[in-house]
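Each chain, letter by letter, is given below.
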Amino acid sequence: MPTTADCLPGTLVSVPGKGFFYLADATDARVNADLLSAAARQDTPGGVTLFVHRDRALDESLIRYLNQLDPRARATTTITVLDPETLGPVTDVPALRHLADRLHLPVLAPGPVDGRDVLPVGPDGQVTAGPAAAHLILPPAVAVQRIALADAVSLADPPPTIAAGLAQMATWERRNAATRAELGLPATPADVIPTGPGAQAVTYAVGQLKARFGNLGSVDVFGLLTSTTPGTVEQLVAGLGGTLAPVRPAALAHQLRTHPGSLAMVTGTAPGSADQQVLWLSSAESGNLTWHDPRTTGTPAFNIDGAQDWRTAVLERDDARVFMLDADRHPVALPEPVTEPIRDATTINPPTSARPLGPGAIAIGPWPQETLDRYGLSALELGGRPVITIDVREVRPRVLDPVQHNALKHTLERYWLHNVRPTVLATIRNPQVEALVRTYQGGLIQQVPEGLGGRVWTATGPGGVPQKFSGPVVTPEMLDAADMAPVDRDRPLHDDPLPPVLVTQLSHNSYQEAAEHFVEHGPELRDPSVLSAMDDIADKLPGDARLDAHRLMLDVAARAPYLAGPDPIAPQSRTSFDPEPAWPLDRPVDLRFLLDYLTAADLVPGADGTPPPGRYQTRLLWNGLLLQAMLGRALTPAETTILARGVGESDLERATRPPGAPEIARAHASIFEALSAMLDERQPGVTDDRQALLQLAECLTGADRVAWHFLIKDILLPHLDQGGRLLADPDLVRRITELSAYINFCH
């Protein structure tokens, strides 16, 4: 996770109609002003141009910043390097090629440039097929894909047979390997997950399809050859007349084998990588299935077990989507994943990324039939015992896949709420699995290494000592050992059973489901015994942001009705530039506000007819209203921090969060915590160390920084000034100013 060291220590100055100028510092104001004027006169090749000073183009902080840009922003960004002496673009082609390679972005080169890694730019600054006034030097990872697509265009169209099509695809892959070597791109072994900006552009996918099938219908092949902006997977699939769909590995393998000559595109993320992968799985006439990835060496055979092949692990994940074409290039409908119904009366409501696996068992991970058979689980009698099976996937050694960690945590928590001690069965040893099992006082069966490459099973009861078992399969004796404990296993986890209405409330996968349940069961949830039980849960499981948010819901519900006014209170402004009105003095915070805030409820058009904002801006506007609630004393600073921390922490939100996505919600919560500490000295143990708080999350986006700039400038400071607090406490002004500056320059 990037820290504050990854923030850009400078300013991006807008160049209207063209892009931005990177002002690294103000050491030479005249040169910066001259370069900014030169940037305004420069013709640019469409999209967004980032103008940089020649001597600052390879700043490590700039490189880190560009690498962290959203892929959609990177796809439209080009670089123009300005010479402070000529006030024009730098002309040193080798240096510009080096820069394109380091920044992984196209770089403008004036005048003629030879090579297959360039695109011609006309006098108007646009990419052209006519006479070139300049060229865009493409980074190698982008250039190689464009060259590969051009090679695919030159192949036979269409191949006459399935065998000819697969052979032509193999020829194209060999040419591509030679081009990668020519451009100095390393050969990635097939068993290594490829990474790097631009490595997953759709251009490769189109080349693969063109080599296999020839004619691609309405797909704009030549448009991709003359553009620095790659298309999207969705655009490619739509051009071929199909749709992306989730499908389990075994079901996809069956479809491919029953459609010889077919080709499936698999897109998703690999464990431990935020990069989108675009992979291909082909079916020969014999039914053999083979993976294809132009970025790696070889064409490995399909392996149903994602623990053995990272490509199958991509297919196993919840974010994986597949598109399939038969031998005649017609889209093939894929079977919808089947979820087994809950068949055991004691089984909990499974979290988003878990599913029932027969009576009494909850499965986390892919668990294809081959894996179930390998470990003997298909025939294992559980004897009515609750078991959680986890087919462990690690993003790196000893670090559990975050989706699996979330699913295991919530599954164990729900059994714990039901006063049940389950047994967790893990395919490999993982310290995070062990820690979660200890927290929720369950049993554990897991495979652990022994000797040179060997493995044995160990079974450990709650608080007990591991017992070793040999053999490849799980046995009833292991289940018995995991049931044993130094303390009486039949002793309940809670001295008094938790109220069922509270257990149900805390077992929903989303805040929206919890809100609907609260509306239906409000009187029962307001019973003092429920609040007392919630206090006990929060004390036993401290630091859980979601549980703390539920505890606050019950607190607020006990002191105010579900809706404390004639209408729900919601943000009145529709942009970050307009300050949110003060919180009504006679309006207490109600449960409806808490739930609307946690879910960033959609807003209606503004009073002046302004259309409702998008989802991202809506969240920022709800943050503005929360700040007003704190300043208006409708919520204490501590309660404000709890509510802000709860955003994005439901099971559904954590399960569907894109891998590697910035923890923006937690960054906002850190700011609320810093402000709370400044405004309420009565909070023990809360620090207003802005750097320590904000290092917990990625840097904020530009939209986030703009929002906080105006929240502090137009709401917080005027409120404190009106109350005389600023005059009485100069140190508070200094701390708020430092926090504001820190937020502004953390981009």
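The preceding data block contains the structure.
Residues numbered from 1 in each chain as written. Predicted model: local features only at pLDDT ≥ 70, side-chain atom pairs only at ≥ 80, totals over all residues. Heavy atoms only, no water.

Caption draft 1: Region of the structure containing helix H13 (residues 402-417). Here H13 contains 16 residues, and its C-alpha end-to-end distance of 22 Å stays within 8% of the 22 Å for a straight helix at 1.5 Å per residue. Among the 16 residues in H13, 14 count as buried, and that is most of the element. For H13, the N-terminal cap is Asp401; the gap from its side-chain oxygen to the backbone nitrogen of Val403 is 2.8 Å. Directly beyond the C-terminal end of H13, a positive phi value near 65 degrees is found at Asn419. (Helix = DSSP H or I, 4+ residues; strand = E, 2+ residues; numbered from the N terminus. Expected span 1.5 Å × (residues − 1). Buried < 20%, exposed > 50% of the residue type's maximum accessible area, 1.4 Å probe, protein only. Polar contact = N/O pair within 3.5 Å; in protein donor to acceptor, adjacent residues only side chain to side chain.)

Caption draft 2: Up close: the packing of aromatic side chains. Per the stated rule, a full pass over the model turns up 10 aromatic pairs. Residues Trp367 and Tyr375 carry aromatic rings whose centres are separated by 6.3 Å and whose planes lie at 75 degrees to one another, so their mutual orientation is edge-to-face. Owing to a relative accessible area of 3%, Trp367 belongs among the buried residues under this scheme. According to the relative accessible area criterion, Tyr375 is buried, its value standing at 8%. With a centroid separation of 6.0 Å and an interplanar angle of 45 degrees, the aromatic rings of Phe593 and Trp622 are classed as tilted. Remark: Trp622 occurs in helix H22 (residues 615-631) and Phe593 occurs in helix H21 (residues 591-599); sequence separation between them is 29 residues. Summarising the burial analysis for this pair, Phe593 and Trp622 share the class buried. One aromatic cluster in this structure is built from Trp583, Phe593, Tyr597 and Trp622. Note that Arg374 overlies the ring of Tyr375, its terminal NZ or CZ placed 5.5 Å from the centroid. A cation sits over an aromatic face here: Arg619 above Tyr597, 4.8 Å from the ring centre. (Phe/Tyr/Trp six-rings, centres within 6.5 Å; stacked < 30°, edge-to-face > 60°. Lys NZ or Arg CZ within 6 Å of the ring centre and 35° of its normal.)

Caption draft 3: Main features of the pairing of strand S13 (residues 361-364). Covered by surrounding structure in S13 are Ala361 and Ala363 together with Ile362 and Ile364, the residues of both alternating faces. With three bridges joining them, strand S12 (residues 354-356) and S13 adopt antiparallel strand pairing. In the sheet register, Ala354 faces S13, and the bridge partner there is Ile364. Bridge analysis of S13 against strand S14 (residues 387-390) gives four bridges, and the strand direction is parallel. When the sheet's bridge partners are listed, Ile364 is paired in S14 with Ile390. For the handedness criterion, the β-α-β arrangement of S13, helix H12 (residues 369-374) and S14 is classed as left-handed. (Pairing = 2+ DSSP bridges. Right-handed = clockwise from strand over helix to strand, strands pointing away.)

Caption draft 4: Broad picture of the sheet that holds strand S11 (residues 321-325). An order of S10-S9-S8-S11 is seen for the four strands of this open sheet, with the pairing classed as antiparallel. The sheet is open, and its two borders are formed by strand S10 (289-292) and S11, each paired with just one other strand. On average, adjacent strands in this sheet sit at an angle of 20 degrees to one another, irrespective of strand direction. In this sheet, S11 lies alongside strand S8 (residues 263-269) in antiparallel orientation, the contact comprising five bridges. Bridged to Val266 within S11 is Val322. Against the sheet, helix H6 (residues 162-182) engages S8, strand S9 (276-283) and S10, with an angle of about 140 degrees to S9. (Axes fitted to C-alpha atoms, helices over the stretch in contact; angles between N-to-C directions. Contact = heavy atoms within 4.5 Å.)

Caption draft 5: Expanded view of helix H15 (residues 476-483). Listed as buried for H15 are Met478, Leu479, Ala481, Ala482 and Asp483. On its buried face, H15 is in contact with S14, strand S17 (423-426), strand S18 (443-450), strand S19 (454-460) and strand S20 (467-469).

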